[in-house]
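Close look at the chain arrangement
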Amino acid sequence: MAPCAVYFDAQSTTSTLTSRPFHELLYQWNFGDPVAGGAGTCTDGNPVAREAGQGSYCTGVVTGTQLDSKNYAEGPEAAHVFETAGTFTVTLTASQGDSNFNNNLDTDEFKRATVTITVSDPNTVFAGNTVCIANGVTPSAGSGGCPAGAFGMNASAASSAITTALASGCGGSGCRRLLFRRGDTFSMGSGVVISAAGPGLIGAYGTGSKPVMANTGVQFRYEADDWRFVDIRQEMGNTDNAAGVYSWGSATAARKNVLLLRVDARGGQAFQTAGSTIGSGVTSGIWDGIFIFDSTCKDLNHAYGNGDNCYYITGFRVAAIGNHIDMDQWSEHGIRTYAQRSVISHNTTEDIASGRSSITQRSFDWGSGEGIPAGTYSGTGIQSLNREIGNGASGSFNYMLTNQTLPGRCQNVIFERNYITNAGFDTMCSAVTFRNNIVRLATRGNVAVKLTGSGLADYTTPTPLFIYNNTIYSNYSGDARIFYGRDGSSLGTADVYLRNNLIYAPNDNSYDPGLTILFSVSLNSCASCNTGDTGEIRANPQFSISPPVSVADYMPQTGSYANGRGVVVPVWNDFYGKWQPGSRDIGAINR
């Protein structure tokens, strides 16, 4: 039923071309949903919306790239929300990624598969159990945006109105679609328990600003399956442990299929499920199908420093796409997940607290509550097209083990086309690819890519690590620690592959070589296809603007030492998704 969120997984793909299809094939998804469009406007092929921090999609398909269209995604895993009813043909193309798939059809190098998604009309699904709720007037069905045949309710307190509507509204059968009038404000009291079986929807009707639901605590305790929260604004008063949609300790069984779409959360956590063991507060099962799309979480300006995350998401399959997070340098992480499968994409994060992460993805704990036996890899995922606006203190992206100390393992992680302006990437996982990222290191001690050991007795060395086609800029004085292997005693020997990385550290006056000595593990590099370990790291690569400020500034101009210096690596397109036939440059953005 629309809106319908779907998680797509191509991890079972096999190939005669590579033994690492998760990492070394290009997966391109067309969701057959061109009306999905995007937010913001793109000009001259650059995703300016992502630079401005106003969301990270562009309207339609821009010249030279499809990456910022909601109808298109890349990677072995993807997710999409179908907002209209109909039948959609989703097409996946898998290829070596070395030329445009539109010019190649069904060869050994290009394979396509399709699946049909049928989405039902909510007006049909909710016929007879829809209620429109307004503050100060009883809505009329078929008027002012209230659907035909809907019931009407006049209420100032959303909490009591929702409780009554779910239990006995809509003629006594219980309402399942609850629409609040835009422009109105409703009190949420001590919150509401959502325990009625879905499908269900809490959303808005009419025109104008989103309806506001206000209190100083938890608003929705989620204890059901298949519910959608759409186009509402939640005000939670900057109180500790306040949350928009919350389930920690409140549900006796894991839940499935919950969607937050265009939900604006202020002064509290936007979403929180069970803890890192997934068994926190539940007695059976694993959460599955958690989708957070095009939502915002801001103004967590209170001092509860060890607990409040904008999005704390636990589940087998998790997607957080197109969200905007501003932590005001308080509380914990922007997005924190414990997932078996995850896609974290097109998000903008800013003002993350010191010592915390913009995005932290973690594997499950091992234990009977999760059904994940010891020794099993319990985390895999993708971070792509995210933008972090740093505050000079923190803001890293990472994929770690559970809480970094508890037993668990993660593997098959891709960090791709992210733009991070302060810290860098940190991982404890095995089989990790970093490619086409832009990293600006703003503070001494920050590292672009850090390989971290856990010290656990059952820990497996994170190998291999592939670092391809990244652009790294460091403007601070001192040693430019670009790639770093920490805790060498627990890392053992790992293979680290460096190809086509462009590094510029103009103020590196004490100089630690950027590519060689900082890993205490086996290094596989080529001197000619990366910025050199000599004075070249301080040589201007002729960025379009130097020092670079926005994404477009990182493109080397004609005559740069980066031109034509790249070697062939898997999945060859750049930060903007632009194809690179013939001569290949080093760095994330190519001419």
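Residues numbered from 1 in each chain as written. Predicted model: local features only at pLDDT ≥ 70, side-chain atom pairs only at ≥ 80, totals over all residues. Heavy atoms only, no water.

Here we take up the environment of L17. You can see L17 is positioned in the loop between β1 (4-9) and α1 (21-24). Taking the C-alpha atoms as reference points, L17 and Q96, 79 residues apart in sequence, are found 7.9 Å from one another. (Helix = DSSP H or I, 4+ residues; strand = E, 2+ residues; numbered from the N terminus.)

Right, let's get into the sheet that holds strand β2 (residues 26-30). Taken in spatial order, the 4 strands line up as β3-β2-β5-β6 in an open sheet, and their pairing is antiparallel. Taken across any chain shown, the strands that pair with only one partner, and hence form the sheet edges, are β3 (72-74) and β6 (110-119). Each strand axis lies, on average, 15 degrees off the axis of its neighbour in the sheet, ignoring direction. Pairing geometry for β2 and strand β5 (residues 86-95), over 5 bridges, is antiparallel. Across the sheet, residue Y27 finds its bridge partner in β5, namely A94. (Pairing = 2+ DSSP bridges. Axes fitted to C-alpha atoms, helices over the stretch in contact; angles between N-to-C directions.)

Read across the sheet, 12 strands follow the order β10-β13-β16-β19-β22-β24-β26-β29-β32-β35-β38-β41 without closing on themselves; strand pairing throughout is parallel. Lying at the two open borders of the sheet, with one neighbouring strand each, are β10 (185-187) and β41 (502-504). Of the strand pairs in this sheet, strand β29 (residues 387-389) and strand β32 (residues 419-420) are connected by 2 bridges, and their pairing is parallel. Across the sheet, residue R387 finds its bridge partner in β32, namely Y419.

Within helix α4 (residues 158-168), burial applies to A158, S159, A161, I162, A165 and L166. Projected down its long axis, α4 shows its buried positions confined to an angular sector of 165 degrees, all on one face. Remark: C170 follows α4 within two positions and exhibits a positive phi of approximately 55 degrees. (Buried < 20%, exposed > 50% of the residue type's maximum accessible area, 1.4 Å probe, protein only. Arc of directions from axis to C-beta.)

With that out of the way, let us pick up the packing of aromatic side chains. Scanning the model with the defined rule gives 18 aromatic pairs in all. For the ring pair F8 and F31, a centre distance of 5.5 Å and an interplane angle of 35 degrees mean the geometry is tilted. With F8 in strand β1 and F31 in the loop between β2 and α2 (48-52), this residue pair connects regions lying 23 residues apart in the sequence. Per residue, the accessibility class of F8 equals that of F31, and both read buried. Through pairs of rings, three or more aromatic residues link up here, namely Y419, Y473, Y504, F543 and Y554. (Phe/Tyr/Trp six-rings, centres within 6.5 Å; stacked < 30°, edge-to-face > 60°.)

None of the figures reported here should be taken as evidence of function without further support.
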